[in-house]
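Observations on the three-dimensional arrangement
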Amino acid sequence: MYQRINNTVFLALVSSIMALTNPTKEAYLDHAAWQLHDTYCQQKSLPLGVKAACFVGKPLPPDAVKPVIESYTRHQNYFLFSIYTTNFWGKKFHTVGLGGKFLMF
């Protein structure tokens, strides 16, 4: 019986921690903007329109692209974790927010 109570308490504790550390959509937008800036925009073979969006004389600051990313992002909150789907420039990015971190697929 004590083992059952301990398991229940442990499960409740882990679930509470996961729920409290479930990243917000704002945190995802920060993450996605930096990912776009640091990874995607650094590719050599981008279409001209994408290059223009990535570089206007110098790289765009991440805060400038956050509203654009938000308009192309769907957020599904499952209390313990979140799933973000961003369909941007013909590419679909799936990201899971879990424990204050983001895992991109």
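Refer to the structure printed above.
Definitions and cut-offs
- Residues numbered from 1 in each chain as written.
- Predicted model: local features only at pLDDT ≥ 70, side-chain atom pairs only at ≥ 80, totals over all residues.
- Heavy atoms only, no water.
- Pairing = 2+ DSSP bridges.
- Helix = DSSP H or I, 4+ residues; strand = E, 2+ residues; numbered from the N terminus.
- Salt bridge = Lys/Arg side-chain N within 4 Å of Asp/Glu carboxyl O.
- Buried < 20%, exposed > 50% of the residue type's maximum accessible area, 1.4 Å probe, protein only.
- Contact = heavy atoms within 4.5 Å.
- Core = buried A, V, L, I, M, F, W, Y, C linked by side-chain atoms within 4.5 Å.
- Axes fitted to C-alpha atoms, helices over the stretch in contact; angles between N-to-C directions.

Both strand 3 (residues 73–77) and strand 4 (residues 82–88) contribute to a ladder of five bridges, which runs antiparallel. Looking at the pairing, Gln-76 lines up with Ile-83 of strand 4.

What follows concerns the pattern of salt bridges. Two side chains with opposite charge may pair up if their charged atoms get near one another. Counted according to the given criterion, the structure contains two salt bridges. A salt bridge links Lys-66 to Asp-30; the nearest nitrogen and oxygen atoms lie 2.6 Å apart. You can see Lys-66 sitting in helix 4 (residues 62–71) and its partner Asp-30 sitting in helix 2 (residues 25–38), a full 36 residues away along the chain. Linked through salt bridges whose partners overlap, the residues forming this network are Glu-26, Asp-30 and Lys-66.

For strand 4, a buried count of five out of seven residues is recorded, marking the element as mostly surrounded by other parts of the structure. In textbook terms, the turn of a hairpin is the stretch between consecutive antiparallel strands, and for strand 3 and strand 4 this stretch comprises four residues, one of which, Phe-79, has a positive phi near 70°. Here strand 4 folds back onto strand 5 (residues 91–98), and the loop between the two strands holds two residues, one of which, Trp-89, carries a positive phi near 55°.

When you line up the elements, His-94 lands in strand 5. Expressed as a C-alpha distance, the spacing of His-94 and Met-104, which sit ten residues apart in the sequence, is 5.9 Å. Ignoring any residue separated from it by four or fewer positions in sequence, one finds His-94 in contact with Tyr-84, Thr-85, Leu-103, Met-104 and Phe-105.

Time to look at the environment of Met-104. Checked against the element boundaries, Met-104 lands in strand 6 (residues 101–104). With a relative accessible area of 39%, Met-104 lands in the partly exposed category. Residues Met-104 and Thr-85, 19 residues apart in the sequence, show an inter-C-alpha distance of 9.9 Å. Contacts of Met-104, omitting those with residues within four sequence positions, involve Gln-35, Phe-93, His-94 and Thr-95.

Judged by nonpolar contacts, Tyr-28, Leu-29, Ala-32, Ala-33, Leu-36, Val-65, Ile-69, Tyr-84, Phe-88, Phe-93 and Phe-102 together constitute the single largest core of eleven residues. When contributions to this core are tallied by element, the ones reaching two or more residues are helix 2, helix 4 and strand 4. The dominant element in this core, judged by the number of residues it contributes, is helix 2, at five residues. With near-sequence residues (within four places) excluded, Phe-102 lies in contact with Pro-23, Thr-24, Ala-27, Tyr-28, His-31, Tyr-84, Thr-95, Val-96 and Gly-97.

What follows deals with the sheet that holds strand 6. Spatially, the four strands line up as an open sheet ordered 3-4-5-6, and their pairing is antiparallel. Two strands lie at the open edges of the sheet, namely strand 3 and strand 6, each paired on one side alone. Mean inter-strand twist for the sheet, computed between neighbouring axes without regard to direction, equals 20°.

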